[in-house]
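Structural description and commentary
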Amino acid sequence: MYSFKINSHVSFPLEGLELRPFLAKESPSQITTYDLLSVICHHGTAGSGHYIAYCQNVINGQWYEFDDQYVTEVHETVVQSAEAYVLFYRKSSEESVQERQKVVALANMKEPSLLQFYISREWLNKFNTFTEPGPIANHTFLCTHGGIPPNKYHYIDDLVVILPQSVWEYLYNSFGGGPAVNHLYVCSICQVEIEALAKRRKLEIDTFIKLNKAFQAEESPSVIYCIGMQWFREWESFVKGKDNEPPGPIDNSRIAVMKGGHVQLKQGADYGQISEETWNYLFSIYGGGPEIAVRQSISQSDTESLHGEHKIEAETRAL
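These numbers were taken from a predicted model, which means no experiment stands behind them. (Residues numbered from 1 in each chain as written. Predicted model: local features only at pLDDT ≥ 70, side-chain atom pairs only at ≥ 80, totals over all residues. Heavy atoms only, no water.)

**Observations regarding the overall build of the protein chain**
Along its length, the protein chain carries eight helices and 17 strands. Taken over C-alpha atoms, the radius of gyration comes to 34 Å for the protein chain, far larger than the 20 Å a tight globule of 319 residues would show. Taken along its principal axes, the extent of the C-alpha atoms in the protein chain is 105 × 65 × 45 Å. Taken over 319 residues, the protein chain has a buried fraction of 29%. Residue pairs in contact within the protein chain that sit at least 24 positions apart in sequence constitute 68% of those at least 6 positions apart. Accessible surface for the protein chain amounts to roughly 21400 Å². Of this, 53% is attributable to carbon and sulfur atoms. Computing the positive centroid from 26 side-chain charges and the negative centroid from 39, the protein chain places the two 4 Å apart. (Helix = DSSP H or I, 4+ residues; strand = E, 2+ residues; numbered from the N terminus. Rg over C-alpha atoms; globule rule 2.2 N^0.38 Å. Buried < 20%, exposed > 50% of the residue type's maximum accessible area, 1.4 Å probe, protein only. Contact = heavy atoms within 4.5 Å. Areas by Shrake-Rupley, 256 points an atom, 1.4 Å probe, with all protein chains shown as cover. Lys, Arg positive; Asp, Glu negative; His and termini not counted. Charge placed at Lys NZ, Arg CZ, Asp CG, Glu CD.)

Rendered as structure tokens:
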């Protein structure tokens, strides 16, 4: 590990950094020229120092220095002579600039259209900043059924942008993707699934609490079942609504060990104790295993010995 700072000056271009010679052969990218967007600089030693940053306003092309709460306009020569620590480049393409200008021009025409379309705000941000934004991806605000998931509907305005028909058609013809959306509605199928999921969670947790309460009331259960806590924690997160997906089959493999052809509890295992009824209930829903049961049995000799001890204790008290 280095304990000193390398102070060698690094030269870097503000525009036209060509990376095609370093492009992976399987890369589908057609644009390999980059322009500088930001620079982070470090002043000081490896043990201490101060960071500042230079960033370009992509709208007016002006560079600014950011030093804590101070922001100062600087000339590009100041940026080029900076002691660069981290360089941020973005792809540059005249074609992408022209596409953005075309979209702005279409939007400003304000021609009346019979339909308005909704587009993913996330994808539109990519279009405004990336040279290769990829196909339109409206799945970011749609469910698999084509509607709005109920849990997203209350903040749908943060996820979409309304476009006139002319702008949508230009973007769709240029990038493809989709799907086209000109009406927002809550998905009734998702709503039914959410209600069914909530009902299932309540049933499972209520049943577990009931069975476990009965188990805790038993003074000397004849059999105790073991369940791996890793699986149990996943199930608990599901029924409490912390995880959307239910756990897989019960997995006791981490707490089980084979001895004499029988499955036994591994010493020091992370497990919980549940009743036979609770095990059967969870197993009926999730399956899995292996089953690990600790059975408490008292032999005849143990019973007679225990009875003898009680008799001696009674006689001692009589004396």
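Moving on from the model shown.
**Side note on the nonpolar core**
If you look at the biggest cluster of nonpolar residues, it comprises 16 residues, and the most contacted ones within it are Ile227, Trp231, Trp235, Ile250 and Leu282. Those elements that provide at least two residues to this core are β11 (223–228), α6 (229–239) and α7 (276–286). Setting aside anything within four residues of it in sequence, one finds Trp231 in contact with Pro247, Gly248, Pro249, Ile250, Asp251, Leu282 and Tyr286. With 14 residues, the next largest nonpolar core counts Val103, Phe117, Ile119 and Ile136 among its residues. (Core = buried A, V, L, I, M, F, W, Y, C linked by side-chain atoms within 4.5 Å.)

**Quick look at helix α4 (residues 165–175)**
Within α4 the residues assigned to the buried category are Val167, Trp168, Leu171 and Phe175. Buried positions in α4, seen along its axis, are confined to an arc of 100° and lie on one side of it. Positive phi appears at Gly176, one or two residues downstream of α4, with a value of about 70°. (Arc of directions from axis to C-beta.)

**Details of the packing of helix α5 (residues 188–217) against α6**
It is the contact of α5 with α6, at a shortest axis distance of 9 Å, that shows an interaxial angle of 125°. For the element pair α5 / α6, the angle class is oblique. Facing Leu197, Arg200, Arg201, Glu204, Ile205 and Phe208 of α5, the residues of α6 in contact are Phe232, Trp235, Phe238 and Val239. Grouping the amino acids of the contact of α5 with α6 by side-chain chemistry returns seven nonpolar, no polar and three charged. (Axes fitted to C-alpha atoms, helices over the stretch in contact; angles between N-to-C directions. Parallel < 35°, antiparallel > 145°, perpendicular 65-115°, else oblique. Nonpolar A, V, L, I, M, F, W, Y, C, P; charged D, E, K, R; others polar.)

**Notes on the pattern of salt bridges**
Overall, the coordinates contain five salt bridges when judged by the stated rule. Residues Lys91 and Glu132 are paired through a salt bridge, measuring 2.6 Å at the closest nitrogen-oxygen approach. Residue Lys91 is found in strand β6 (residues 84–91), and its partner Glu132 is found in the loop between α3 (121–129) and β8 (136–137); the two are separated by 41 residues along the sequence. Since its relative accessible area comes to 23%, Lys91 is described here as partly exposed. By relative accessible area, Glu132 is classed as partly exposed at 32%. The closest approach of N and O atoms between Glu236 and Lys240, which form a salt bridge, is 2.8 Å. Here Glu236 falls in the partly exposed class, since its relative accessible area comes to 27%. (Salt bridge = Lys/Arg side-chain N within 4 Å of Asp/Glu carboxyl O.)

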